[in-house]
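An overview of the molecular structure
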Amino acid sequence: MLELYHGATSVCSSKVRIGLGEKGLDWKSHPINLAKGEQNTPDYLLLNPKGVVPTVVDGDLVVVESSVILEYFDSLGTGPRLMPEDPRDCARARVWLARCIDVHAAINTMTFSTVGRSRILASVTPEGSDASIQRMPNPAARTKRRDLLKNGLESLYVADAFFALRTLFDEMQKALERGPWLLGEDYSLADTALISYVDRLDRLGFSGLWDSRTPQVGRWLTASRARPSYQEGVSDYAGDADTDSMRAVGAMIWPDLQQKWERFLSL
Ligand SMILES: N[C@@H](CCC(=O)N[C@@H](CS)C(=O)NCC(=O)O)C(=O)O
């Protein structure tokens, strides 16, 4: 049976759980508590040397990278096929999957420069926070986390995130003007791959990033949330109280974020 190592509210874990739901696959859960640093234990690092979730184990096969995991699920022959047969549509889907690397980096930035940062600063001492960052095995991820916690929305990483998000929303708007889903009429692996990232921004209270400029993104998010896989993969793990508290903090940060976003768009 497929075994999934995952974090309850991690976006990449939600993405993979949505994929499991869409494919109707059975799986065994290995919860990893990211706040407690369980992603950095020696045993877990043997599976995933970067100390990140998700990881899938299928017998003697270990699969990392959420988009690769989704393609693996789709290749197993259970449930509806989510990668199109047509080579051109298949290439289009793979471009969406490849974009997820940049998009995830942007979501990480938007989380830890805003609401994540406020929560950490309010609940963990600087020494405690630095000790947990020091346990992250990837030096680039450590440098980034320190910078986001120190500088918030003034971090240089925010410009990179804005660029990735503007590109994402523009491409989504164009695609979704042609049909209800990213590849047109049919739901595909491209949609599965992107839902949890956009969902996170909405849960942070940042839907203003697309509401007026690229409104198809919001329409698509609503349609994606209506699928049973969203309930199984996201809602069952994200408490309403936690989302309400994220939105409340996000609402205080939004005016500054909005100003910076609009300045970026005008350049
Ligand atoms: N490109 C990877 C990114 C994985 C990743 O960074 N996951 C985050 C959660 S969404 C994580 O485990 N972070 C651990 C940490 O911050 O220490 C994927 O798509 O699987």
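Coordinates for the structure precede this section.
These notes cover the structure that comes with them.

Another point: the environment of Gly184. For Gly184, the position within the fold is in the loop between helix 8 (157-176) and helix 9 (189-203). Exposure remark for Gly184: the relative accessible area of 10% places this residue in the buried category. It is 9.6 Å that separates the C-alpha atoms of Gly184 and Asp89, two residues lying 95 residues apart in sequence.

On to the site of the ligand. Around the ligand lies a shell formed by Ser10, Val11, Cys12, Gln39, Gly51, Val52, Val53, Pro54, Glu65, Ser66, His104 and Arg145. Take Gln39: an N or O atom from its side chain is 2.9 Å from an oxygen atom of the ligand. A distance of 2.5 Å is found between an oxygen atom of the ligand and a side-chain nitrogen or oxygen belonging to Ser66. Considered on its own, the ligand offers 510 Å² of accessible surface; in the complex 85% of this is hidden by protein. In terms of residue class, the shell around the ligand is made up of five nonpolar, five polar and two charged.

Our next topic: unusual backbone geometry. The amide bond that connects Val53 to the next residue, Pro54, takes the cis arrangement and shows omega of 5°. Among the secondary structure elements, Pro54 is positioned in the loop between helix 2 (42-47) and strand 3 (55-58). Even without glycine at this site, Glu65 takes up a positive phi of about 75°. Relative to the assigned elements, Glu65 resides in the loop between strand 4 (61-64) and helix 3 (66-74). Exposure remark for Glu65: the relative accessible area of 37% places this residue in the partly exposed category.

Here we take up the pairing of strand 2 (residues 27-31). Within a regular beta strand, the side chains point alternately toward one face of the sheet and then the other, so they alternate between its two faces. Of the strand pairs in this sheet, strand 1 (residues 2-6) and strand 2 are connected by five bridges, and their pairing is parallel. In the sheet register, His6 faces strand 2, and the bridge partner there is Pro31. Crossover connection from strand 1 via helix 1 (residues 11-23) to parallel strand 2: handedness right-handed.

What counts and what doesn't
Every chain is numbered on its own, with residues counted from 1 as its sequence reads. The predicted nature of this model means local features are confined to residues of pLDDT at least 70 and side-chain atom pairs, given and counted, to a pLDDT of 80 or more, with totals for whole chains, interfaces and linings taken over all residues. Just so you know, side-chain values use all the structure's heavy atoms and leave hydrogens and water out. A helix here means a DSSP run of H or I that spans at least four residues, while a strand means a run of E at least two residues long, and both kinds are numbered starting from the N terminus. Each residue is assigned to one of three classes by its accessible area relative to the maximum for its type, calculated with a 1.4 Å probe on protein chains only: buried under 20%, partly exposed between the two thresholds, exposed over 50%. Only a single heavy atom is needed: when it lies within 4 Å of a molecule or strand, its residue is near that molecule or strand. The term polar contact refers here to a pair of N or O atoms within 3.5 Å; inside protein, the definition further demands a hydrogen-donor-capable atom paired with an acceptor-capable atom, and it admits residues adjacent in sequence only when both atoms are side-chain atoms. The Shrake-Rupley method, run with a 1.4 Å probe, gives the accessible areas here. Residue values count only the displayed protein chains as cover. Amino acids outside the nonpolar list (Ala, Val, Leu, Ile, Met, Phe, Trp, Tyr, Cys, Pro) and the charged list (Asp, Glu, Lys, Arg) are all regarded as polar, and Gly is one of them. Think of it this way: DSSP has to see at least two bridges between two strands before they count as a pair. For the handedness criterion, the strands are oriented away from the viewer, and a crossover whose path from the first strand over the helix to the second runs clockwise is classed as right-handed.

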